[in-house]
Amino acid sequence: MNILAIETSCDETAISVIQTSEEKDNFKVLSDLVISQIETHAEYGGVFPALAKREHAKNLLPLLKQCILDSKLELTKKYNEVHDEDIHTFLEREQNLAEKLTAFLKSKQLPQIDMIMVTHGPGLAPALWVGVNFARALSVAFECPILPVNHMEGHISSILLKENYLHEQEALLPLKSFDFPMIALLISGGHTQIILVKNWAEYEIIGETIDDAVGEAFDKVARMLEMPYPGGPKISLAARQGIPDERVVLPRPLLNSKDYRFSFSGLKTAARYLIADLKEQNLLDEQMRANVAREFEYACRDVLLKKTFGAIAEYGAKGLIIAGGVSANTFIAESFKEKCEEYDIELFLPEKKMCGDNSLMIASAGFVNMLHGEKTTPQENITAIGNLKIS
Ligand code: KG4
Ligand code: ZN
């Protein structure tokens, strides 16, 4: 079975094609492409939803064409023009995309695509909608069903992809090699959640942030330190030059609460006051910026570590998954590695290129869900859900 996966929940447009076979609980990656919009959004200091939507609409068709080429699938299928009307209906708000898509479909033979997987939430609603509507249009064109996928399940499943997935017959680590339950710590620009993973495709949120996400706090503190968007990697880089400084102290919000809630809004505000204070005293030079970055990373690391290990102990977890954009943070990842070794907990981190948003993680999550009996949804019933919860 050939499956096309689409991701447009935030500021990455991504499409991949995977191939499954009946007898295997694994798949081969035929093509995998991502276009990042980071540069487009950088001048606004954050992701601008209407702009993200416009960029997705612009990028989806070129990505699809390239993915079909890269996949080297035989072009055996002819598009049926009776579908023009449905395609225009599903892409009602993207008439330009509808025009270009139907022109492309008519211009050449198509590969056999047997299913489409698409992120339907959580994320920025306008961005999600473009992907969902594009998927609906393609499901009409390819005459195949759609499986909607939760973006956070995608991040969890990102750890399944082997380093050399593009060249492997079996791109995923063996699903049966994992011991459950596991705890998953999801840390991204939009989420900070601790999830109990009872099995593949069986998830329960046991705690999350009550305000900002940790990645969002990284981005905002970076902005206060006059570092460009996205600030996470910039803070991380600066923090390496940082040294302990008694004038630079930040709180560890909810560190001792007996639950798995996080709060990063207070930490961000404390950072704002601290930075303003240092500026006023003319102390905010490069070294001091690095010291603030370091203390901020330590504060985030301390609460993430304590809560996660609390959950591991309470639920008797055998393994820990850390995923989402912030899992690319070397200091945080190293801190977890050390503690996991100390407590003999197996740690699963995504490959660096799987940390950010991509469509292979969506294909992996959809595939895992399918193996566990999830059924496809009729195109007309699929909607984008900005605040979709994992379950
Ligand atoms: O998962 P992701 O790509 O998109 C969302 O679904 O949100 O995560 C993006 C977030 C951004 O806030 C970015 O600043 C953060 O991940 N990030 C990092 C690092 N690399 C990316 N945060 C800290 N350290 C990093 N090295
Ligand atoms: Zn994400």
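Structure shown above.
In this text the structure is predicted, and so the values were computed from the model without any measurement. (Residues numbered from 1 in each chain as written. Chains lettered and ligands numbered in written order. Predicted model: local features only at pLDDT ≥ 70, side-chain atom pairs only at ≥ 80, totals over all residues. Heavy atoms only, no water.)

(A) Broad picture of the coordination of the zinc ion (ligand 2). Bound to the zinc ion (ligand 2) on the protein side are H151 (NE2), H155 (NE2) and D357 (OD), at distances that span 2.0 to 2.2 Å. All donors to the zinc ion (ligand 2) come from one chain, and their sequence spacing reads H-x3-H-x201-D. Within this pair, H151 and its partner H155 are both found in helix α6 (residues 151–157), separated by 4 residues, close to a single helical turn. The class of H151 is buried, set by a relative accessible area of 6%. (Donors = N, O, S within 2.8 Å, 3.2 Å for Na, K, Ca; no water. Helix = DSSP H or I, 4+ residues; strand = E, 2+ residues; numbered from the N terminus. Buried < 20%, exposed > 50% of the residue type's maximum accessible area, 1.4 Å probe, protein only.)

(B) Fine view of helix α7 (residues 214–224). Considered for burial, the residues of α7 that qualify are V214, G215, A217, F218, V221, A222 and M224. On its buried side, α7 packs onto β8 (182–187), β9 (192–199), α8 (231–239), α9 (265–280), α10 (286–315) and α11 (330–343). Phi for E226, located one or two positions after α7, is positive at around 60°. (Contact = heavy atoms within 4.5 Å.)

(C) Layout of the sheet that holds strand β3 (residues 27–36). Ordered in space as β3-β2-β1-β6-β7, the 5 strands form an open sheet in which the pairing is mixed. Of all the strands in the sheet, the pair left with one neighbour each is β3 and β7 (146–150). Strand after strand, the sheet turns through a mean of 20° between neighbouring axes, direction not considered. Note: strand β1 (residues 2–7) against strand β2 (residues 12–20), 6 bridges, orientation antiparallel. Within the sheet, the bridge partner assigned to L4 lies in β2 and is V17. Taken strand by strand, helix α5 (residues 125–141) contacts β1, β2, β6 (115–121) and β7, and its axis lies near 160° from that of β6. Sitting on the sheet, helix α13 (residues 360–371) touches β1, β2, β3, β6 and β7, and the angle it makes with β6 is about 105°. (Pairing = 2+ DSSP bridges. Axes fitted to C-alpha atoms, helices over the stretch in contact; angles between N-to-C directions.)

(D) Seen up close, the pairing of β9. Burial analysis of β9 places 6 of its 8 residues in the buried class, the great majority of the element. Linking two consecutive strands that pair antiparallel, namely β8 and β9, is a turn of 4 residues. In the sheet, β9 pairs with strand β10 (residues 202–208) via 6 bridges, with the strands oriented antiparallel. Within β10, the residue paired with I195 across the bridge is I205. Where β9 hands over to β10, the hairpin turn is made up of 2 residues, of which A201 adopts a positive phi near 75°.

(E) Local environment of the nonpolar core. With 48 residues, the main nonpolar core has I183, I235, F264, F296 and F336 as its most contacted residues. Mapped by element, the contributors of at least two residues to this core are β8, β9, α7, α8, α9, α10, β11 (319–323) and α11. Top element by residues in this core is α10. It accounts for 12 residues. Setting aside its immediate chain neighbours within four residues, I183 contacts I194, I195, L196, I206, T308, A311, I312, Y315, A317, G319, L320 and I321. Counting residues in hydrophobic clusters, the runner-up holds 40 residues, among them C67, L91, L128 and F134. (Core = buried A, V, L, I, M, F, W, Y, C linked by side-chain atoms within 4.5 Å.)

(F) Region of the structure containing unusual backbone geometry. Looking along the chain, the bond that leaves G121 and enters P122 is cis, with omega of -10°. Mapping P122 onto the fold places it in the loop between β6 and α5. Of note, the amide linkage connecting Y229 to P230 takes the cis form, showing an omega dihedral of -5°. You can see P230 is positioned in the loop between α7 and α8.

(G) Examining the site of ligand 1 more closely. Within the structure, ligand 1 sits among 18 residues, and G189, D219, G232, G325 and N329 are positioned closest to it. The contact in question runs from an oxygen atom of ligand 1 to an N or O atom on the backbone of G232, over 3.1 Å. Note that an oxygen atom of ligand 1 is positioned 3.3 Å from one of the side-chain N or O atoms of D357. Against a free-state accessible area of 560 Å², the protein chains account for coverage of 87% of ligand 1. (Near = heavy atom within 4 Å. Polar contact = N/O pair within 3.5 Å; in protein donor to acceptor, adjacent residues only side chain to side chain. Areas by Shrake-Rupley, 256 points an atom, 1.4 Å probe, with all protein chains shown as cover.)

(H) Representation of α8. Every buried residue of α8 is accounted for by G231, G232, I235, S236, A238 and A239. Taken around the axis of α8, the buried residues stretch over an arc of 165°, which confines them to a single face. Those residues of α8 that are exposed and aimed more than 90 degrees away from the buried face are P233 and L237. (Arc of directions from axis to C-beta.)

(I) Structural view of the packing of helix α2 (residues 49–71) against α5. It is at 8 Å that the axes of α2 and α5 come closest, and there the two elements cross at 30°. Looking at the two axes, α2 sits roughly parallel to α5. Between α2 and α5 the crossing geometry is right-handed. Packed against α2, whose contacting residues are P49, A52, K53, H56, A57, L60, L61 and L64, the element α5 presents P126, A127, V130, G131, F134 and L138 at the interface. In terms of residue class, the contact of α2 with α5 is built from 11 nonpolar, 2 polar and 1 charged. (Parallel < 35°, antiparallel > 145°, perpendicular 65-115°, else oblique. Left-handed = near helix turned anticlockwise from the far one by under 90°. Nonpolar A, V, L, I, M, F, W, Y, C, P; charged D, E, K, R; others polar.)

(J) Up close: the pattern of salt bridges. The final tally for this structure, using the stated rule, is 22 salt bridges. The partner of K53 in a salt bridge is E94, with the nearest N and O atoms 2.7 Å apart. In this pair, K53 is assigned in helix α2 and E94 in the loop between α3 (84–90) and α4 (95–107), connecting sequence segments 41 residues apart. Judged by its relative accessible area of 13%, E94 is buried. Of the charged contacts in the structure, one is a salt bridge between D302 and R301, with a shortest N-O distance of 2.9 Å. (Salt bridge = Lys/Arg side-chain N within 4 Å of Asp/Glu carboxyl O.)

Everything listed here is a matter of geometry and, on its own, says nothing about what the molecule does.
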